[in-house]
Amino acid sequence: MTNLKEALFQQCVAHVNTRLQTIQTIISSHQKALSSETKSSAGDKHETGRAMLQLEMEKAGQQLASVQQMQQTLARVAIAKSSTSVRLGTIIETSSIHYFLSVSAGKLTVNQTTYFAISASSPIGQLLVGKQAGDTFHWNGKELKINTKNKICTACSINYTIALGGFFKLTN
């Protein structure tokens, strides 16, 4: 189970790092564009262009804050500790779908099995937190039951820390 969790966790880390790189590239590009904009004879057009770039910078700043929050959440995920209830770092298996409670990273695949990385603050995450193996819950008009075949496992002996630049690395 720990190897599965590590694989899911690594995919979440990769997802967050990719988003971070994309946002940093966008911010850098917009900063260059803002500094290279020179006053032209079409003054209003110039001001509109600068205003649009400023709006894009604000949007990128909000996205950056969101990614930093995801990094903080991932830093709290422990992947080898056992627990009797669903919490951050838990793999939840039902008869029809599998979830990994961490950050919203979407569809992940490990060993040809699909998992959905969900945030504890998402509607489904809020519904699952605190549930136990064997519990049922209603989602999208269906009643789902948390499988009892696997023990709920939630932490790991490997620590993940945020390195300089916001990227994750393994530490012992």
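Residues numbered from 1 in each chain as written. Predicted model: local features only at pLDDT ≥ 70, side-chain atom pairs only at ≥ 80, totals over all residues. Heavy atoms only, no water.

Undergrad: Talk me through the nonpolar core; I want residue IDs and the actual numbers.
TA: Of all hydrophobic cores here, the largest spans 28 residues; its most connected members are Leu8, Phe9, Cys12, Leu74, Val77, Phe100 and Val103. Apart from the residues within four sequence positions on either side, Cys12 is in contact with Leu74, Phe100, Ser102, Val103, Ala105, Leu108 and Ala117. Ranked by size, the runner-up nonpolar core spans ten residues in total, among them Val86, Tyr99, Ile118 and Leu128. (Core = buried A, V, L, I, M, F, W, Y, C linked by side-chain atoms within 4.5 Å. Buried < 20%, exposed > 50% of the residue type's maximum accessible area, 1.4 Å probe, protein only. Contact = heavy atoms within 4.5 Å.)

Undergrad: Now, about unusual backbone geometry: what can you tell me, with residues and values included?
TA: The phi dihedral of Asn111 is positive, around 50 degrees, even though this residue is not glycine. Within the secondary structure, Asn111 sits in the loop between strand 3 (106-110) and strand 4 (113-119). With a phi close to 55 degrees, Asn140 is a non-glycine residue in the positive phi region. Its location among the elements puts Asn140 in the loop between strand 5 (136-139) and strand 6 (142-145). (Helix = DSSP H or I, 4+ residues; strand = E, 2+ residues; numbered from the N terminus.)

Undergrad: Tell me about the environment of Thr90, and name the residues and values.
TA: Its place among the elements puts Thr90 in the loop between helix 2 (43-76) and strand 1 (91-93). A C-alpha to C-alpha distance of 5.4 Å links Thr90 and Leu101, two positions eleven residues apart in sequence.

Undergrad: Just give me the short version of the pairing of strand 2 (residues 98-102), but keep the residues and values in it.
TA: Counting buried residues in strand 2 gives five out of five residues, a clear majority hidden from the surface. What you see with strand 2 is no split at all: His98, Phe100 and Ser102 on one side and Tyr99 and Leu101 on the other are buried throughout. Sheet topology places strand 1 next to strand 2; three bridges connect them, and they run antiparallel. The residue of strand 2 that forms the bridge with Ile92 is Tyr99. If you look at the hairpin formed by strand 1 and strand 2, you'll find four residues sitting between the two strands. Alignment of strand 2 against strand 4, held across four bridges, turns out to be parallel. Directly across from Leu101, in strand 4, lies its bridge partner Ile118. (Pairing = 2+ DSSP bridges.)

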